Amino acid sequence: MVARIPVVVLTLLSLATVLAGATALELPVEASDKPQPRLAVEKLLADYVSKRLAQIEQLQTQRLATSNANGSHMGNENGWRAAESWSADQLPLTSQQGRGVQLSGTAATRHSSRSVLETLIAPQTISTIDAMAAGGKLPRFPARTILPPQLVELCPSQMTVKRFGATGNGQSDDAGSIRRALSDNSVKRLYVPPGTYRIASNLEITKPMTVGKGAMFEISPGVVLTLSSQPQHWDQDGGMFTGAGRVVFRGGVKIIDPDWFKAAGVPQSDSDLLQKASDSCLGTCTVLLTRAYWTTRVWTLNPRVGVFATRSGLLKNVGDGRGVTLAPGKYTQVLRFGSMQGYDNFAIQVQGGVTGAEIQADSITDGGIGLLFSPQTHASGTIANVFFTHFTWSVAVQNMVAIEGSKASQSVQNCLVAGNFVLAPGSRRKSQQSAGVLLRGAAAPRLVNTAVLYQAVDAYQFPGGLGQGSQFAMLQNAARTAASGLIYRVEGWAGGWDGAGKLFLGAFNNLRASFHKGSPLHNPAMFGAVRGNNNAVGLGELSSPGFELTAKPQRVANDWVAQEQAFYFQVSVDGVWRAGKTRTVYLQSIYATTAGAGLRMKCLPRPAPMFARVNTGVTCVGVQYLPGGSGWDVAVKLRNSSKRDLTSADQVRLGLQVGP
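A. Molecular detail of the overall build of the protein chain. From N to C terminus, the protein chain includes 10 helices and 45 strands. Evaluated residue by residue, the protein chain yields a buried proportion of 50% over its 660 residues. In the protein chain, the share of contacts with a sequence separation of at least 24, taken over all contacts with a separation of at least 6, comes to 69%.

B. Structural context of helix α10 (residues 270-279). Judged by how many residues are buried, α10 sits mostly within the fold: 7 of 10 residues are covered. Buried-residue contacts for α10 involve β11 (255-256), β12 (285-289), β13 (292-295), β14 (299-301), β15 (305-309) and β16 (314-317).

C. Spotlight on the side chain of Ser-220. Here Ser-220 lies in the loop between β6 (215-219) and β7 (224-227). Judged by relative accessible area, Ser-220 falls into the buried class, the value being 12%.

D. Broad picture of the pairing of strand β30 (residues 471-477). Extensive coverage of β30 is indicated by the burial of 6 of its 7 residues. Here strand β27 (residues 433-441) runs beside β30; their pairing, made up of 6 bridges, is parallel. Within β30, the position partnered with Gln-433 by the bridge is Gln-471.

E. Molecular detail of the packing of aromatic side chains. Applying the stated criterion across every chain yields a total of 11 aromatic pairs. Aromatic side chains Phe-391 and Tyr-454 sit 6.2 Å apart centroid to centroid with 75° between the ring planes, which places their arrangement in the edge-to-face category. Taken as a pair, Phe-391 in strand β24 (residues 387-405) and Tyr-454 in strand β29 (residues 450-458) lie far apart in primary sequence, 63 residues in all. A residue is classified by how much of its surface remains accessible, and Phe-391, at 0% relative accessible area, is buried. With 6.0 Å between their ring centres and 85° between their planes, Tyr-454 and Tyr-488 make a pair best called edge-to-face. In this pair, Tyr-454 is assigned in strand β29 and Tyr-488 in strand β32 (residues 486-495), connecting sequence segments 34 residues apart.

F. Summary view of the environment of Asn-640. Counting through the fold element by element, Asn-640 comes out in strand β44 (residues 633-640). Separated by 21 residues in sequence, Asn-640 and Thr-619 place their C-alpha atoms 6.6 Å apart. Excluding residues that lie within four positions of it along the chain, Asn-640 makes contacts with Trp-577, Arg-578, Ala-579, Gly-580, Lys-581, Gly-617, Asp-645 and Leu-646. At 3.3 Å, the side chain of Asn-640 and the backbone oxygen of Arg-578 are in polar contact. Side-chain polar atoms of Asn-640 contact the side chain of Ser-642, separated by 2.5 Å.

G. Examining the pattern of salt bridges more closely. Following the criterion strictly, the structure yields 11 salt bridges and no others. Of the charged contacts in the structure, one is a salt bridge between Arg-297 and Asp-272, with a shortest N-O distance of 2.7 Å. Here Asp-272 lies in helix α10 and Arg-297 lies in the loop between β13 and β14, a separation of 25 residues in the sequence. You can call Asp-272 partly exposed: its relative accessible area is 22%. In this structure, Asp-633 engages Arg-555 in a salt bridge whose closest nitrogen and oxygen atoms are separated by 2.9 Å. Note that Asp-633 is positioned in strand β44 and Arg-555 in the loop between β38 (550-551) and β39 (561-562), a separation of 78 residues in sequence.

Each value, and the rule that gives it
- Residues numbered from 1 in each chain as written.
- Predicted model: local features only at pLDDT ≥ 70, side-chain atom pairs only at ≥ 80, totals over all residues.
- Heavy atoms only, no water.
- Helix = DSSP H or I, 4+ residues; strand = E, 2+ residues; numbered from the N terminus.
- Buried < 20%, exposed > 50% of the residue type's maximum accessible area, 1.4 Å probe, protein only.
- Contact = heavy atoms within 4.5 Å.
- Pairing = 2+ DSSP bridges.
- Phe/Tyr/Trp six-rings, centres within 6.5 Å; stacked < 30°, edge-to-face > 60°.
- Polar contact = N/O pair within 3.5 Å; in protein donor to acceptor, adjacent residues only side chain to side chain.
- Salt bridge = Lys/Arg side-chain N within 4 Å of Asp/Glu carboxyl O.

Next comes the structure, spelled out in structure tokens:
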């Protein structure tokens, strides 16, 4: 019969709630610091049952009229058989008669007549609950037969470290008491109630631990507190560790919150908290960033840790302008940062000796360098297999990617930077040169299978734009030696160049660059020969080719410039163009300066498929480079091969190839 009690209790409570529609009562949990006997849990349940029965009784009183007020029992003799199996010392009642139990007082009037509940619930169920709530003590069955095992396991009164002698007064050494709690096999999880727990000797907490609000471990100098199971600490306004000792995490600890290292009344910068969090990991841990962190100095990561920033995870410079640096070693976990703001030196630095790092950032804004590769900082002189796989945007960062070196033997190998949008890179310091990619130092390192891929770059130099007046280059080599082997692509939009600057500055070898422009460029000075050997550069057109490039009836200095070797252009017809007559129009091409041996200029076959419906029968007679002037001028001789005169209402579009 004892084993049936939990089922009986739960059955009555759940059915009563459904029938009565009453608001559920919360089962009280008593978190006393004193050791609690098993009977304490039973008493809590008894109180709960009594309150629930009172709710049911009140509802019955409202719905049913009482026909018998003299206290007679329910008249169902079988209904008392469940109760009569309890012995007198277990369940003392007012009186016991024969095979039934005669109740007196309020317990007797509770079921004075047949009720709705009696018709739906087995009589022995009602009788048993009546007996339990009749004023006697509950039978001493084990608590785990009443409550789910998980609830017993997590009950603070059962797992509190104070049950084993811990004081939490900040004076006594509580390490021994916590060891006793850890050695008790019945304790599956430790609960640390509010207080300051001094740890004066080395201690390893091997069980899961829930740390209450206001609870703190104070670790004495020279002492190491080790946690090898994930703790739970939900006090976002307070810390968990203080003192001159050390905290380390290993094994089952996977998430570390820097705010665990906050200490009330102890001045600490967010840089201190971040550094302590990453240094404390001796296993494979992830530092969780959930708020804005105002950093005063560089945060050095080690290869054991990962980083995960939530939507609110922000790093903001208020110090020396250095953000995060990756120390040498093989990284195995993702480093995912949120927004990084105001790092005048660098937001992220990859030191020499780093391999295998995967880095992500939501945004990098208002800084000097976004991502800095520094192979010269390690004896190996090599950075390998580093992937900066995502950033949403970079705004007002002088140089989004920089690669520095001191010897030609240093190298960056098998690395990829892939990002979305680079906007107004030179706007922060407009008088200084800025670049989408910068190489610097005494010697440019070798770049082996290393690529930078942007979806869009916009210098935003147009009048009124954020970058107006800035100096910008898509690629700059400021090192003393030529940079070799870079792969550099802008795959979506490359534009916004309307000011001073060039596409390329410095010397390069074996460069492979490809940019898809958003529109023709108005600044021919952007284009100059790429210094160095074996370089290949492609300039594609994002918009419909040639629609914005119009050939003019006379030479015009600094007109829109074609950046493709092959492109389409349009011609405006002034006046009447007689059938069979020729006209010469002029345009500018960056490849016009390649005149000489190997120069190839010709008109593309007509009609082009995309212009088949709008081409009026104009054909190309010849193409000629015109020296002098801007140095970009090309003359194109056209003939009206249609059998009618053309006017301004006619559309003329043709294809042209200019270049080797």
